[in-house]
Amino acid sequence: ASATHDATRAMASLRLLWRGCCTAPAGFAQPSRVWGKSSLRCGALGMKCGMTQAWQPDGKVVPLTIIEVQDVQVVQAKRVPTSEGEGLNLQLGSGWQKRKRLNRPDAGQFESRGLPLKRYLREFRVSEDAQLPVGTTICARHFVPGQFVDVQGTSKGKGFEGVMRRYGFAGQPRSHGHSLSHRSGGSLGGAAGSLYATRVMPGKKMPGRMGGKVRTAHSLLVYRVDAEHGLVYLKGTIPGGKGSLVRLKDATRKRMDTSGRGHHRLPPFPTWLPGDDETGGDVTEAPLARPL
């Protein structure tokens with residue numbers, strides 16, 4: 001019982017340390033705030049608010065997508081089996097939820113940790129040096145203007161569509177002899193004798209459900225960060241409609257320079273914490289002439 005009590009007190013002290021409310025207790029070492037070569041920090045959950053645009057000094061228009069990052073907290077850390085042995089996942093919670101909409105086990109994981117009820121739960125793979133204690137808040141300052149991010153969301157559902165809209169088929173001629181078959185897909189490639197199978201091959205492009213799938217937009221530039229309102233402006237478009245949930249994380253195809261010798265400001269590691277440098281104020285913007 002005493003060991004359990006000591007562990008509970010230690011976790012509570014560590015939470016207060018990360019929230020900037022107290023100094024480090026005896027026997028605890030502050031986690032590293034320096035980027036490593038293999039460092040992998042967690043992402044964030046956001047809501048797509050819509051699109052807008054900005055104008056550059058040379059007159060070019062920049063299409064921007066607005067994402068709101070609000071009330072994102074670390075719910076728990078998990079050890080998961082991987083091909084290399086064991087990995088670390090951080091589960092993040094976002095949104096608001098009523099108590100009557102959750103059963104007792106789901107609500108208990110928030111109440112037992114002293115966290116508000118969350119509507120969405122998602123996991124992110126992190127490295128050992130990027131682990132965060134339960135209750136840590138992920139805000140818009142988790143990202144900095146000039147870096148690249150990957151955004152994952154569910155595309156808009158279009159319902160059951162034909163091959164002309166789903167795959168861009170040209171359709172059939174509108175001339176004599178094609179009655180009521182102008183938008184059909186044509187032949188399905190039947191057998192040419194007994195040497196070929198008389199069936200439809202897997203992967204054949206045919207009418208079916210369009211959209212409503214998880215898609216990822218890679219390497220989008222963070223154009224602006226509005227920390228006061230929790231908004232992140234991204235250059236380009238992302239999958240999903242207004243109000244949909246999206247996952248943001250550091251880009252994997254464009255690795256940032258973590259040596260500190262570049263012209264850009266590195267994102268905070270493992271996340272932005274109260275008391276960190278607030279360079280640029282609540283609203284910061286990236287110079288598009290020199291991205292990361």
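Residues numbered from 1 in each chain as written. Predicted model: local features only at pLDDT ≥ 70, side-chain atom pairs only at ≥ 80, totals over all residues. Heavy atoms only, no water.

Please give an account of the overall build of the protein chain that cites residues and values.
A count of helices and strands for the protein chain gives three helices and 13 strands. Burial analysis of the protein chain (292 residues in total) assigns 36% to the buried set. A separation of at least 24 residues holds for 71% of the contacts in the protein chain among residues at least 6 apart in sequence. (Helix = DSSP H or I, 4+ residues; strand = E, 2+ residues; numbered from the N terminus. Buried < 20%, exposed > 50% of the residue type's maximum accessible area, 1.4 Å probe, protein only. Contact = heavy atoms within 4.5 Å.)

Would you mind going over the sheet that holds strand E5 (residues 120-126) in detail, with residue names and values included?
Strand order in the open sheet formed by four strands is E5-E4-E3-E6, and the pairing between neighbours is antiparallel. The open sheet has two edge strands, E5 and strand E6 (137-138), and neither has a second partner. Here nine bridges tie strand E3 (residues 72-82) to strand E4 (residues 85-94), and the two strands are oriented antiparallel to one another. Looking at the pairing, Val74 lines up with Leu92 of E4. Together, E3, E4 and E5 form the strand contacts of helix H2 (residues 104-111), whose direction differs from that of E3 by roughly 110°. (Pairing = 2+ DSSP bridges. Axes fitted to C-alpha atoms, helices over the stretch in contact; angles between N-to-C directions.)

Let's hear about the nonpolar core: which residues, and what values?
Membership of the largest hydrophobic core comes to 32 residues, with the highest contact counts inside it found for Cys42, Ile67, Val151 and Leu234. Excluding its chain neighbours within four sequence positions, the residues that come into contact with Val151 are Ile67, Arg215, Thr216, Ala217, Leu220, Leu234, Ile238, Pro239, Val246, Arg247 and Leu248. (Core = buried A, V, L, I, M, F, W, Y, C linked by side-chain atoms within 4.5 Å.)

If you had to explain the packing of aromatic side chains to someone new, which residues and values would you point to?
Any aromatic ring pair is given by two values, namely how distant the centres are and how the planes are angled relative to each other. For the structure shown, the criterion picks out two aromatic pairs. On the basis of an interplanar angle of 45° and a centroid distance of 4.9 Å, the ring pair of Trp35 and Phe269 is categorised as tilted. Note that Trp35 is positioned in the loop between helix H1 (2-18) and strand E1 (44-55) and Phe269 in the loop between strand E12 (245-250) and strand E13 (283-285), a separation of 234 residues in sequence. Of the residues examined, Trp35 reaches a relative accessible area of 15% and is grouped as buried. Ring centres of Tyr167 and Phe169 lie 6.2 Å apart, and the angle between their planes is 40°; on these two criteria the pair is classed as tilted. (Phe/Tyr/Trp six-rings, centres within 6.5 Å; stacked < 30°, edge-to-face > 60°.)

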